[in-house]
Amino acid sequence: MMAASVWYILCILHLGAMRTETVPPSNVSDLNSSQDLETADFTPSYTSTRSKSQKDVGDSLIRGTAKTLGLYLHGLAIKELGIRDMEKFLGESTFLSHTVYDSKTVKALAQRIKQKLTRYRTALSKSKSAVEVLYFIYHPESPPIGSYAQCCDISPLRLKYSTSFGVAINKDFYCDTLPIDPASQELSLSSNLSSVFSMNLGSNPGIRWQYLINMKGRELVFPGWGSLGRSCSPSNVQHNKVFIETLYKFSKTVIIILDQSFGLTQLELDLQKSTAKFVISLLSESDRTAVISLDGAPAVLDPLQTEACLMGRVAPASSDIKEKLGELIERRRFNEESGSFSSGIQAAANVLHNSDATENIEVLFITARNWSSDKRKEDGKSVFEQGEDSVSQLKLSVVEICQENREHSSPWNTIIPPNNIGNIVQIVNNQSLVLKKSQFFTRSGKPAADVIVHKPRLDQAGGGMVIPLTQLVAIKDFLIGVVGLDIQAAELFEDIAHQGFKQDSRVFLIDKDGYTIVHPALSSPENWNTEVLPSISELEVYEDFDAALHRMKSHPSGNYVLDSGTSVSYTWEQIEGEKYIVVVASLDGAPVREEPRLETVPAPIENPDVQFHDLIPDGKSKLCRHMREIASMQTAALYLSPAAYALPFEYLTEAEIPLRIQSFMAYLTDPTRLIANPGLKSCVRNEVNLVSGVVQAWKELAFSSPLNNYIIRRRIFTPNGVQLSYPGSTVQAGTDPSKESWFQQSVKLPNRVVVSSPRLDPGGAGFIITVSKSVQATNASDDKYLAAVISADYTLGYLYKILNDSVPDEFCSKDTNRCFLIDDRGNLVAHPLLLRDATRFPGFPSESQHLTHMETFIATDILLNEEFMRKQVCRSITDGKLRRYFQLDLDSSSVIRNSRSADQCISYKMTAIPGTNLFLSLVQQTCNSTAFCWCSTMDRTCLDCQSWEQGECECPCECDDKRNYCPATDVGGNILPCETPPVTHEFQRYTTSRHGHYPPCIHTDCASRSSQQECFGVLGCSWCDTDQDGKSPLKLPVCVNQAECFGGVLNSPSPYSRAYDNSFVMPDSGEERSLSRAGPIGPVTGGILVFFLLLALTVWGYKHWSSGERRLLSRCNGSSQRINQMIEAEEENEETLPPDGHQNYGLHNGDANHQISVVSPYRMNPSYRRPRPAGTDSDHGYSTMTPCGDQDSEIMSCLGDGPVPSRRAARNRNPMSLQSVTSGASSRTSSPVQGPVEMSMLSSDEKESTCQGESREKENLMERGINPGFRREETCFMDGVESGSRNPTNTVLSKNQFIVAATVHMVDT
């Protein structure tokens, strides 16, 4: 321990000395595994390399520097993070062994989900019964018009934002998702459903939307909702697909024929495209579809031309297939040729024949042509009369694109035989698409009346994953419609989604089709942002996992251990009566295992200063401004992630109520253990007490550490969701630190100090890096497990400062040399040009800070060494991409150098830094290199997704994850899933009104740093050396605040401003909008007129008051002269005015010496005496004010000299502040003598002292660069001034002095 502390202090002194002749050691000890810092060999064995050749970077130099950096980073972790304090508390704590049975775990979770689904089924049954009762009451008579409105027409004043819904809602009523037709009353029978819906929501807070869709396509949604700027149609809460899946529970094969022959208008063509895309959107994942374009010869649109098995056949209606078909349909244009009806029908029959489709076939013919002519009728009849058996068995529905509804009989009844004809649908606009959605498909048989649990879908309005539950509402054979509700998956699956971090096991949820709903590798349900559900085989990437999955689908419960040598055990339980399966994967292969549980924690010597993060802004601790956040240096912030709560969904949806938070803190800090648990998991209290032990050490470091100018914050996080951070500040609700890269990397590399790649700090500190290390605890069996991860955020420039000072002989400062650090993924964490690129690239993407982007020669050369740097790929589930990245070998102990001996432009050496995830590289360059790496300048898309060569250099990029529908072409192999991306934080906006009045938490004092070395890397500071154009150097570089010169470029926009600018995205101009919802020109114009009217009234009122005030003052001085006359006289005699400061001409009579009569706000008649009560001889300080009494008590400040402006100009200046002071307890004496203070009244010593003081003040002002001419010329009155003079020369006072005309009152006692 002593050796580590000494070395850490030496490293600090080394940095403070700024490149002294410190010689790093050369005997590199392996700090990557179990060797402790105290036992490392620090003995230096080589001398300075200053005498060596400039082109020779010796192995001893880079090895010694790497070891120095490794030891220094370990010293940072031990000293600055408080690891030793944490290990001390762990050593004094006690742990009990807890047996965990995976079979019991899955049964308990399955039972919990089953109980919740039962409650939701009951709520749906109540809604269904209410609709049926209302129908019986009003049918067959028309019910009264219900009090509901269109969703997008609800006034914002009637809505209130809800965190549970994600939009503004009103729980008192429902709304219609489509414009209301006054002539239609068929939906009004449900006008009393609001009370039923409201009761369901009150008893089941996990419900998001409740809705009723009648058979004519209209939909009511509860609660009523709205959002600014959205269009009325289509609504984001329409459940069209859910409606179709409820009516047609079976799988369908749908073929769409687009008749795009000659003669279509643009309106008809657009409506035809919209119809085809709308029909495709109604299909579920179990359906199949194909689109045939009929514009001359029929052509089948192939969505995936690379999939040979789908060409000319129906394709699964998956998300990517439907998206590609929509793009192909949108590309269709006018054609001068006309296609025949018979050829289109025959093409559809051929597609069905090639696809072996025989059941539930639907063919939709979408046309805008008039088929009344005899020739066209004969063409239609011939295909059915003379066609093959495959054609005669088709069921054909026709969608007519019309400008208005046609009431005459359709010619299709005579073209298509009765056995083949389906529905005839007329479409006149986009609204009719929604209203007639049930007519696009034909129904066979009686629809199922049971409750249907649909696949999870993305809520387009409020965000997140929802599970729709629907049921048909019917009376005998008469269908009323579909009633349904959306369950928030965050509530239904909260026990699985927020299990907390498990190092040796994971819990996930799948359905019986093998799709994954909840998994640690996926975003949590409340943050879900895609419609695609990945297959569990894409996440559990093992060779024989398919056998385990088959067992899960076919057996209600069980256990299966993989035989591939991975020793992974799967234990599952199917939820009874549902299609969900709960699975626990044990990574050690044992379904029964022992887990340590923290039982007791030593009491801290002092009560730790810990406050719940939401209470800090309103708490008792002293607040300060920490960049863009309000923080406190007196306390640490306690944040509990959703995994720490017994009911995570309540925490995510309910606002943090102070009383509730206080109950949490009372429970956590209760030493008696008598306060009941208010809703936290049982393990949370002990973990809070455990991590609180490092708070005192952090507070001491905040005042004693030499690195305070570089550290933004310190934090500690436990696997069960407890986080402490210092300085204490608020944390964004729903944040899950276990998803952050610094946490995941520290868990993967438990014996290393992990440095994260640069990222933008949400708190306003600019680009930062995070230094973190995991803390391991040991149980009685000496088994190690994760106790916490401690980390600290540093400025981006700090690590380069350390690097620059660690390499001897100022190697990194020479013009031909450079030094940089990269992590094990090739991301640059320290580079001389890293901050420059942070300014150039608005989003600062990972490819702009990668080795392949900034050091192309070294990247291309290292890629030839496949054992050291490998190109790899992972599957991003959240966005459906295959991401290419690079992985460097952390276990390598060799020095990597040039493999191309012929290239003499660049000479480099690279080696791993022991005990970290970093690599050090020293480079010497004498000329420009011609090396090149493929990097997209537009986005992250790979330039060649088909090429996959190890030696081909390209920046980290991504390609579309194309689903392989043809097994013969499945060459993807087992691709591991990418790391789960953290939830994007909203950057804090800095406003002067909220934060500006707080003092800074850390005083870095940028202006006092005179050199780049002193300024570089300091928190909130930037060395400004480049002009606004980004090229020209400044004549006088200076250290300024980061906001003024981000990245060293004067007035450069910060990435925060870019983030704000990009966030304001206008709605799509192509959206269909109602004509009645035009721009608010009238209200805006009216508001402007009202503003100017109020402004005019304000000016008139001010002038009226000002003139009245002056007349009053003038009368009190015995003058009847009007103010405007005095102003005119002043302007005429402007040159004769004295060079005095403030001259209030409304308050004096203008004598020859320009003496000002000072008016007191407390006016009284000097001759007046209040009658004294009997037995007293004093009025005890009371006085009576008269309108024009004593004018001597007014206080005025004397201002500086300079030319006196005219009265007209003076009125344009800010008014001067006047202060009034009263003293005394009686008004026995008359007013004092008017006039300024006379120096003759002072003694000679006082006069000399006064003059010397004024002279010294003038000298001080000149030394500070302030021109004393801004004040009046100061005059010292000496003995020559007549003592009793009533008109002495005016005395000019300093800025902190003013003249007080006071009345002295004598009190008789």
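Residues numbered from 1 in each chain as written. Predicted model: local features only at pLDDT ≥ 70, side-chain atom pairs only at ≥ 80, totals over all residues. Heavy atoms only, no water.

So, about unusual backbone geometry. For the peptide bond that leads from Phe222 to Pro223, omega is -5°, which places it in the cis range. Within the element layout of this structure, Pro223 appears in the loop between strand S7 (219-222) and strand S8 (224-226). With an omega of 0°, the peptide bond between Tyr726 and Pro727 qualifies as cis. On the secondary structure map, Pro727 appears in the loop between strand S31 (722-726) and strand S32 (728-729). The backbone of Met627 shows a phi angle near 60°, a positive value even though the residue is not glycine. Here Met627 lies in the loop between strand S27 (624-626) and strand S28 (629-632). (Helix = DSSP H or I, 4+ residues; strand = E, 2+ residues; numbered from the N terminus.)

The subject of this paragraph is the packing of aromatic side chains. Within the structure shown, the criterion is met by 25 aromatic pairs. Ring centres of Phe197 and Phe222 lie 5.7 Å apart, and the angle between their planes is 40°; on these two criteria the pair is classed as tilted. Of this pair, Phe197 sits in helix H5 (residues 193-203) while Phe222 sits in strand S7; the two residues are 25 residues apart in sequence, bridging distant segments of the chain. For the pair formed by Phe197 and Phe222, the shared burial category is buried. Ring geometry for Tyr710 versus Tyr798: centroids 4.8 Å apart, planes at 35°, classification tilted. One end of the pair, Tyr710, is in the loop between helix H20 (695-704) and strand S30 (711-717); the other, Tyr798, is in helix H22 (residues 796-806), with 88 residues separating them in the sequence. According to the relative accessible area criterion, Tyr710 is buried, its value standing at 11%. Among the aromatic residues, those joined into a ring-pair cluster are Phe501, Phe717, Trp742 and Phe743. Seen from the ring of Phe441, Lys252 lies directly overhead, with NZ or CZ sitting 5.4 Å from the centre. (Phe/Tyr/Trp six-rings, centres within 6.5 Å; stacked < 30°, edge-to-face > 60°. Buried < 20%, exposed > 50% of the residue type's maximum accessible area, 1.4 Å probe, protein only. Lys NZ or Arg CZ within 6 Å of the ring centre and 35° of its normal.)

Turning our attention to the confidence of the model for the protein. Looking at the protein as a whole, its pLDDT mean stands at 75, while 70% of the residues score no less than 70. Looking over the protein, one finds the lowest element-wise mean pLDDT in strand S47 (residues 1195-1196), namely 32, and the highest in strand S33 (residues 754-755), namely 96. Segment residues 1109-1170 is flagged for pLDDT under 50; beyond a separation of four residues in sequence, or across chains, it makes 111 contacts in the model. Confidence over residues 1172-1251 falls short of pLDDT 50; this stretch has 170 contacts with residues more than four positions distant or in other chains. (pLDDT = per-residue confidence, 0-100. Contact = heavy atoms within 4.5 Å.)

So, on to the pairing of S30. With respect to burial, S30 is a largely interior element, seven of its seven residues being buried. Bridging between S30 and strand S36 (residues 784-795) involves six bridges; their strand directions are antiparallel. Residue Arg713 lies in a different strand from S36, and its bridge partner there is Asp793. Across four bridges, the pairing between S30 and S31 is antiparallel. Paired with Arg715 across the bridge in S31 is Ser725. (Pairing = 2+ DSSP bridges.)

Compared with an ideal rise of 1.5 Å per residue, which puts 15 residues at 21 Å, helix H9 (residues 341-355) spans 22 Å between its outermost C-alpha atoms and is within 8% of the ideal. Listing the buried residues of H9 in full gives Phe341, Ser342, Gly344, Ile345, Ala347, Ala348, Ala349, Val351, Leu352 and Ser355. Asp356 sits one or two positions beyond H9 and adopts a positive phi of about 55°. (Expected span 1.5 Å × (residues − 1).)

The next point concerns a nonpolar patch on the surface. There is a patch of nonpolar side chains on the surface, built from Ile1088, Phe1091, Phe1092, Leu1095 and Val1099 and spanning about 490 Å² of accessible area. Assignment of secondary structure puts Phe1092 in helix H29 (residues 1081-1116). (Patch = residues over 30% accessible without salt bridge, like charges linked within 9 Å, V, L, I, M, F, W, Y side chains within 5 Å. Areas by Shrake-Rupley, 256 points an atom, 1.4 Å probe, with all protein chains shown as cover. Salt bridge = Lys/Arg side-chain N within 4 Å of Asp/Glu carboxyl O.)

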